[in-house]
Amino acid sequence: MTSKNNGLSAALVSNLQDVLSKRKGGSDESEEEPPSTSVAAKEEEEKEIDDDSRPIVLVTNGDGIDSPGLVSLVEALVSEELYNVHVCAPQTDKSVSSHSMTPGETIAASSVDIKGATAFEVSGTPVDCISLGLSGALFAWSKPILVISGINQGSSCGHQMFYSGAVAGAREALVSGVPSLSISLNWKKGESKESDFKEAVGVCLPLINATIRDIEKGVFPKDCSLNIAVPTSPSSNKGFKVTKQSMWRQSPSWQAVSANRHPGAGNFMSDQQSLGAQLAQLGRDASAAGAARRFTTQKKSIVEIESVGVAPKTESRVKKYFRLEFVAKEEEHTDEDSDIKALEDGFVSVTPLSLLPKMDSETHAAVSEWISKALNSDQ
C-alpha cells in the first residue's frame, strides 16, 4: 500500500528502510567506515598544508637529471621530511657548460617522476634550469630558501669552476639573490664507485641542514655561494676545511676524429637542393679527382681533411672533426689553504665564492699605469 501511495516500488522502499535501520545502529561496520575515510582525508589535507609550509629547496646539477649524484641527493633530502624539494635539472650531461644559456631558442621542461619531489627535466643548461626555476614561469612559488647544485662527478676545484655547469647553476642562484651550494665528488676512474655518491650525501647533509637553519635565522654569510668538494673516499674524510680557490685545472686535450666515425660527416648536400642540383653535385663529386683524403695517425689522433668539389672546381672546403677531453695533470700542490690541496689531503673543501670582482691593488695600479703609457705613446 505504501508503494502505491508514494509511487515507489516495493524493492526501493525496502532498500530505503534498510539504510535507515543501519543509521540507527543496525550495522557497526557502516558506522566505522565513514569516519575512517573522513580521518584519512583530513590527515592527507593536513599533510599537504604542512608540506606547503616547509622550506623549499631547489636542486639542479651539471651531469643530468638521471645522474646518481642528483638522485642520491634528492632521495636524502626527501627522506629528511623537512623540506619541500623541487628539481629542475638538465635532460642530458651539461657538466662543462659553464654559465651558458640558450636565449632565443625554445627549451622544453618535462615533468619527471621522482618520489617525494616535484621534478622537471629541461632541454637546456644548468643556468637555464635555475633561471627558469626561479622565474615563476615553471613553479608557483616565488623563490626557494636554498639552491643546491650537484652532486657532480668530478672535482670543481680551481679553474675547473669556470668550466663547471654545477658551479654556474649555483652562481646563477646567487645572481638572483638566493643562497646556494655547489657540490662535487672527486671521482677517480677505476677507484670510485656509484655508492660513493650516497656516502658523499651523508657527509654533506649536516652542512646542508645547518645552512638552511642559519638562512632562516638570518645568520648565514651574505652574498656568497659555497663550493663543496668531497674527497674520493667520502666516508674516510678528515673533516671540513674552509679553503680558497686554487689555480689548478685539468688540461684540455683535443683529439682529431675520422669522418667515418662521425655521423653524417660525408653528407655535404643540403636537403633543400633540387633533385637536378643534387644529381649535378653527385656528378661533380664523382669526377672530382682533386677530392683528397689524408689520414695521419699520431698516438691516439686521427686527422682528416676533406676537399669537396663545388662550382667552380678551383674552390674547396675543408672540414675537420675533433673531440675534447679533460686530462688530470700530475702536479704537487703546496698551498695548504687551497681547495685542491685540502681535497687531496682527504678534507671536504668548502670554498666561499662571491659575485664581487677580486682585483688586488697592485694589479689595478699596474693596469692604470699601462693604459696611461699605451695611450700617450700613440699620440
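Located above this text is the structure these notes cover.
Fair warning: this is a prediction, and the values are worked out from it, not measured in the lab. (Residues numbered from 1 in each chain as written. Predicted model: local features only at pLDDT ≥ 70, side-chain atom pairs only at ≥ 80, totals over all residues. Heavy atoms only, no water.)

Scanning the protein chain from N- to C-terminus turns up eleven helices and 14 strands. Sequence separation of at least 24 residues holds for 77% of the intrachain contacts in the protein chain that already meet a minimum separation of 6. Entry remark: accessible area of the protein chain is about 22700 Å², with carbon and sulfur atoms responsible for 52%. (Helix = DSSP H or I, 4+ residues; strand = E, 2+ residues; numbered from the N terminus. Contact = heavy atoms within 4.5 Å. Areas by Shrake-Rupley, 256 points an atom, 1.4 Å probe, with all protein chains shown as cover.)

A few words on the nonpolar core. By size, the foremost hydrophobic cluster in this structure holds 38 residues, and its most contacted members are Val59, Leu77, Val87 and Ile208. In terms of residue count, helix H8 (residues 195–217) provides more of this core than any other element does, nine residues in total. Aside from chain neighbours lying at most four places away, what touches valine 87 is Leu58, Val59, Ile65, Leu70, Val74, Ile114, Ala117, Thr118, Ala119, Phe120 and Phe139. Ranked by size, the runner-up nonpolar core spans 13 residues in total, among them Ile56, Cys88, Ile130 and Leu134. (Core = buried A, V, L, I, M, F, W, Y, C linked by side-chain atoms within 4.5 Å. Buried < 20%, exposed > 50% of the residue type's maximum accessible area, 1.4 Å probe, protein only.)

With that out of the way, let us pick up the packing of helix H4 (residues 68–80) against H8. Helix packing geometry: the angle between the two helix axes and the distance between the axes. Viewed as axis vectors pointing N to C, H4 and H8 meet at an angle of 45 degrees, and their least axial separation amounts to 9 Å. Classified by the interaxial angle, the pair formed by H4 and H8 is oblique. Between H4 and H8 the crossing geometry is right-handed. Across the interface between the two elements, Pro68, Gly69, Ser72, Leu73, Glu75, Ala76, Leu77 and Glu80 from H4 touch Phe197, Lys198, Val201, Leu205, Ile208 and Asn209 from H8. (Axes fitted to C-alpha atoms, helices over the stretch in contact; angles between N-to-C directions. Parallel < 35°, antiparallel > 145°, perpendicular 65-115°, else oblique. Left-handed = near helix turned anticlockwise from the far one by under 90°.)

All right, on to the side chain of serine 67 then. Mapped onto the secondary structure, serine 67 falls in the loop between strand S1 (56–60) and H4. Serine 67 gets classed as buried once you look at its relative accessible area, which sits at 9%. There is a polar contact of 2.8 Å between the side chain of serine 67 and the backbone oxygen of glycine 64. (Polar contact = N/O pair within 3.5 Å; in protein donor to acceptor, adjacent residues only side chain to side chain.)

Another aspect to go through is the pairing of strand S6 (residues 180–185). For S6, a buried count of six out of six residues is recorded, marking the element as mostly surrounded by other parts of the structure. Taking every second residue as pointing to the same face, both faces of S6 are buried, with Ser180, Ser182 and Ser184 on one and Leu181, Ile183 and Leu185 on the other. Where strand S5 (residues 146–153) lies against S6, five bridges are found, and the strand directions are parallel. In the strand pairing of S6, serine 149 is matched with serine 182. As paired strands, S6 and strand S7 (residues 225–230) are joined by six bridges and run parallel to one another. (Pairing = 2+ DSSP bridges.)

A few words on the sheet that holds S1. Strand pairing in a sheet relies on backbone hydrogen bonds, with the paired strands running either antiparallel or parallel. Strand order across the open sheet formed by nine strands is S3-S4-S2-S1-S5-S6-S7-S14-S8, with mixed pairing between neighbours. Edge positions in the sheet fall to strand S3 (109–114) and strand S8 (240–242), since each of these pairs with one other strand and no more. Adjacent strand axes in the sheet meet at a mean angle of 25 degrees, parallel and antiparallel pairs treated alike. Relative to strand S14 (residues 348–353), S8 runs parallel, the two sharing three bridges.

Glancing now at the packing of aromatic side chains. A complete count under the given rule lists three aromatic pairs for this structure. Ring geometry for phenylalanine 120 against phenylalanine 139: centres 5.8 Å apart, planes inclined by 70 degrees, an arrangement best described as edge-to-face. Taken together, the residues span a long stretch of sequence, with phenylalanine 120 in strand S4 (residues 117–122) and phenylalanine 139 in the loop between helix H5 (126–135) and S5 at a distance of 19 residues. The same class applies to phenylalanine 120 as to phenylalanine 139, namely buried. Between tryptophan 187 and phenylalanine 197 the ring centres are 5.5 Å apart and the planes differ by 20 degrees, which places this aromatic pair in the stacked class. Taken together, the residues span a long stretch of sequence, with tryptophan 187 in the loop between S6 and H8 and phenylalanine 197 in helix H8 at a distance of ten residues. Judged by its relative accessible area of 1%, phenylalanine 197 falls in the buried class. Grouped by ring-pair contacts, the aromatic residues Phe120, Phe139 and Trp141 constitute a single cluster. Lying across the ring of phenylalanine 347, lysine 241 places its NZ or CZ 5.3 Å from the centre. (Phe/Tyr/Trp six-rings, centres within 6.5 Å; stacked < 30°, edge-to-face > 60°. Lys NZ or Arg CZ within 6 Å of the ring centre and 35° of its normal.)

Now for the pattern of salt bridges. All told, the structure shown has four salt bridges when counted by the stated rule. Aspartate 214 serves as the salt-bridge partner of arginine 213, at 3.1 Å between the closest nitrogen and oxygen. Judged by relative accessible area, which is 42%, arginine 213 ranks as partly exposed. (Salt bridge = Lys/Arg side-chain N within 4 Å of Asp/Glu carboxyl O.)

This next bit is on the environment of glycine 169. Checked against the element boundaries, glycine 169 lands in helix H7 (residues 165–175). Residue glycine 169 is classed as buried on the basis of its relative accessible area of 0%. Along the primary structure glycine 169 and serine 97 are separated by 72 residues, whereas in three dimensions their C-alpha atoms are 10.0 Å apart. Once you skip the residues sitting within four places of it in the chain, glycine 169 turns out to touch Pro126, Val127, Ile130 and Ser149.

On the surface, a nonpolar cluster with roughly 420 Å² of combined accessible area is contributed by Val367, Trp370, Ile371 and Leu375. On the secondary structure map, isoleucine 371 appears in helix H11 (residues 361–377). Overall, the relative accessible area of 38% leaves isoleucine 371 in the partly exposed class. (Patch = residues over 30% accessible without salt bridge, like charges linked within 9 Å, V, L, I, M, F, W, Y side chains within 5 Å.)

As far as function goes, none of this settles anything; it's purely spatial.
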